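# Examination of the molecular architecture
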Protein chains: 2
Amino acid sequence: MAKKFALIVAGGSGNRMNSSVSKQFLEIEGKPVLMYTFEAFARYDSEIEFVLVLPEDQAGFWEALCEKHHFTYKYKLAFGGKNRFQSVQNGLNLMDEEGIVFIHDGVRPLVSMQTIQNCYDTTIMQGNALPVVPPSESIRYSFGNENKAVDRARFFLVQTPQTFKLNEIKAAYQSAPHQNFTDDASVLEYSGQNIHLVEGNRENIKITWPQDLIVAQAFLFPQ
Amino acid sequence: MAKKFALIVAGGSGNRMNSSVSKQFLEIEGKPVLMYTFEAFARYDSEIEFVLVLPEDQAGFWEALCEKHHFTYKYKLAFGGKNRFQSVQNGLNLMDEEGIVFIHDGVRPLVSMQTIQNCYDTTIMQGNALPVVPPSESIRYSFGNENKAVDRARFFLVQTPQTFKLNEIKAAYQSAPHQNFTDDASVLEYSGQNIHLVEGNRENIKITWPQDLIVAQAFLFPQ
């Protein structure tokens, strides 16, 4: 069994939520989203090592929340950079052993144990794993003032945890020529490796819009 | 004001839902999804004329549901064909006046009045309208055994009601060279017209997977 790390990236602001509170701190049934995310990984493996990336100016607020909620998970804290690339890199720099790293959005509290297991298994076998789901909707591609239908069977919606061998993703981040990557898989891909898609779970939404908080609540607390 | 028609297409089976009941008949708080969909359009315009497309072998079941739920909306009933193309065409054939037609999935009960209004306004001004939302997720394109990241800012998830001038969409259906179109906009597009994208609403999900029923319930009945 390889050593496992969960790198929880929580750098977001509240802009799209019409909220002054950052998305990761919004509460569902009185508890911040970010705490549910920790719990999802701890359920999968109680020995997993956490690294949390937060904007430096939110660390105090988070620590006060932890005290209020008697949140006792152990984790190392890294500060966010000026973009997601730097934030992830700051987190990776706190991991100095070999192992498997799950890089996960702090605002995805609904990742299932099966999704995490799929990512782990495929990373062990093939070197990396990216959980995806097929879209329920048709997809249009827009260019200039026009747009056209595309074959949706060829497109997948990307979730996290994006999962890697720690030494490989670290090396890919160190050799990357710029910081404008959409996600971690794209960084590794740039270094020349193929990315392996695995099945995610539909509940594993990224809390981005106000509606998403209602959805997450419904999944976390089914009526 | 142009005359308005709502063509509600409800041809689906229950396959993806792990259910023997077709998706459109699944109940939320004791009422079939399809009835919420009618209500969404009736709220927008109480004078709108409905045409419902159902598989012929579900008509009796639906009528029994209507009686049970005291469902009194007036509508014309068309029977589904062997594919979506034929189903829509059967519905269009029941509309013999000029006007604007909203072609809508029966399993999208959460379309907002604003989305319908956006579709109407743009159809009046520009000839057609397709409601879309930007994806929250990164998107991957798969080809053969490989896959690659694409620029998600150029991709949109397509909702309904896809909205048209009745004579134009009828003509497009009649002149279409085959029946393998993903959606109605693609049929019109094939006839040479540009498709106009308008803003949809994120709640307007297509009930496709078991999880979607939980989401729809949460949006219809916020806690």
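Refer to the structure above for everything that follows.
Residues numbered from 1 in each chain as written. Chains lettered and ligands numbered in written order. Predicted model: local features only at pLDDT ≥ 70, side-chain atom pairs only at ≥ 80, totals over all residues. Heavy atoms only, no water.

## What about the packing of helix α1 (residues 33–44) of chain A against helix α2 (residues 59–68) of chain A?
All names here are of chain A. For clarity, the threshold we go by: For helices, the fitted axis covers only the stretch in contact; all axes are lines through C-alpha atoms, and the angles between them, taken along N-to-C directions, range from 0 to 180 degrees. Per the convention used, a helix needs a DSSP run of H or I reaching at least four residues, while a strand needs a run of E reaching at least two, with both numbered from the N terminus. Just so you know how the angles are binned, under 35 degrees is roughly parallel, over 145 roughly antiparallel, 65 to 115 roughly perpendicular, and the rest oblique. Throughout, a crossing is termed right-handed when the near helix is turned clockwise from the far one, and left-handed when it is turned anticlockwise from it by less than a right angle. Any two residues whose heavy atoms approach within 4.5 Å are treated as being in contact. When residues are sorted by character, Ala, Val, Leu, Ile, Met, Phe, Trp, Tyr, Cys and Pro go into the nonpolar class, Asp, Glu, Lys and Arg into the charged class, and all the rest, Gly among them, into the polar class.
As a packed pair, α1 and α2 sit with axes 11 Å apart at the nearest point and diverge in direction by 70°. Relative to α2, the element α1 lies roughly perpendicular. Considering the relative orientation of α1 and α2, their crossing is right-handed. In contact with Leu34, Met35 and Phe38 of α1, α2 contributes Trp62, Leu65 and Cys66. Considering only residue class, the contact of α1 with α2 consists of 6 nonpolar, no polar and no charged.

## Re the environment of Asn93(B)
Residues and elements named next belong to chain B. Inclusion rule: Each residue gets one of three labels from its accessible area relative to the maximum for its type: buried under 20%, exposed over 50%, partly exposed in between, using a 1.4 Å probe on protein chains only.
Looking at the secondary structure, you find Asn93 in the loop between α3 (84–92) and β6 (100–105). Given a relative accessible area of 52%, Asn93 falls into the exposed group. C-alpha separation for the pair Asn93 and Ala2, spaced 91 residues apart in sequence, amounts to 19 Å.

## Describing the pattern of salt bridges
When charged atoms on two side chains of opposite charge get close, those side chains can pair. Formally: Here, a salt bridge means any Lys or Arg side-chain nitrogen found within 4 Å of an Asp or Glu carboxyl oxygen.
Overall, the coordinates contain 20 salt bridges over all chains when judged by the stated rule. The partner of Glu137(A) in a salt bridge is Arg108(B), and the shortest N-O contact between them spans 2.7 Å. A residue pair is termed interchain when its members come from two chains, as with Glu137(A) in the loop between β7 (128–133) and β8 (138–143) and Arg108(B) in the loop between β6 and α4 (113–126). Here the two residues Glu137(A) and Arg108(B) agree in accessibility, since each one is buried. Ionic pairing is found between Glu189(B) and Arg140(A), a salt bridge with its closest N-O pair at 2.9 Å. Within this pair, whereas Glu189(B) is found in helix α6 (residues 184–190), its partner Arg140(A) is found in strand β8, the two belonging to separate chains. For Arg140(A), a relative accessible area of 0% translates into the label buried. Because the salt bridges share partners, they merge into one network encompassing Arg84(A), Asp105(A), Arg108(A), Asp184(A) and Glu137(B).

## Some remarks on the relation of the copies chain B and chain A
The line we're drawing: Fitting of the copies onto one another was done by least squares over C-alpha atoms, counting residues only where both copies have pLDDT of at least 70.
In the superposition of chain B on chain A (RMSD 0.0 Å, axial shift 0.0 Å), the rotation amounts to 180°. This pairing of chains is accounted for by a two-fold axis. By residue overlap, the copies meet face to face through one surface: 100% of the interface positions of chain B are interface positions in chain A.

## A look at helix α1 (residues 33–44) of chain B
Residue and element names in this part refer to chain B. For clarity, the cut-off: The length a helix should cover is 1.5 Å for every residue beyond the first.
Here α1 spans 18 Å end to end across 12 residues, near enough to the 16 Å set by a 1.5 Å rise per residue. Counting buried positions along α1 gives 11 out of 12 residues, so the element sits mostly inside the fold. For α1, every residue scored as buried is listed here: Val33, Leu34, Met35, Tyr36, Thr37, Phe38, Glu39, Ala40, Phe41, Ala42 and Tyr44.

## Details of unusual backbone geometry
Residues and elements named next belong to chain A. Look at the link from Thr160 to Pro161: it is a cis peptide, with omega at 15°. With respect to the helices and strands, Pro161 occurs in the loop between β10 (155–158) and β11 (162–165). Positive phi values are uncommon outside glycine, yet Glu29 reaches one of about 45°. Take Glu29: it is sitting in the loop between β2 (27–28) and β3 (31–32). Judged by its relative accessible area of 51%, Glu29 falls in the exposed class.

## Here's the deal with the pairing of β8(A)
For clarity, the cut-off: One bridge is not enough; two strands pair if DSSP finds at least two bridges between them.
Pairing of β8(A) with strand β10 (residues 155–158) of chain B, which is carried by 4 bridges, proceeds in the antiparallel orientation. Looking at the pairing, Ile139(A) lines up with Leu157(B) of β10(B).

## Side note on the interface of chain B and chain A
Note the threshold: Using a 1.4 Å probe, buried area is obtained as the accessible area two parts lose upon being combined, added over both of them. Counted as a polar contact is a pair of N or O atoms within 3.5 Å, where, for protein atoms, one must be capable of donating a hydrogen and the other of accepting one, and residues adjacent in sequence contribute only when both atoms are in side chains.
With 42 residues of chain B at the contact, the number on the chain A side is 42 residues. For the pair chain B and chain A, the summed buried surface comes to about 4,000 Å²; carbon and sulfur atoms form 52% of the total. Ranking the residues of chain B by area buried against chain A places Glu137(B), Arg140(B) and Arg154(B) at the top, with a combined share of 17%. The interface formed by chain B and chain A holds 4 salt bridges in total. There are 16 residue pairs in polar contact (both at pLDDT 80 or more) connecting chain B and chain A. When contributions to the side of chain B that touches chain A are tallied by element, the ones reaching two or more residues are β8 (138–143), β9 (146–150), β10, α6 and α7 (210–220) of chain B.

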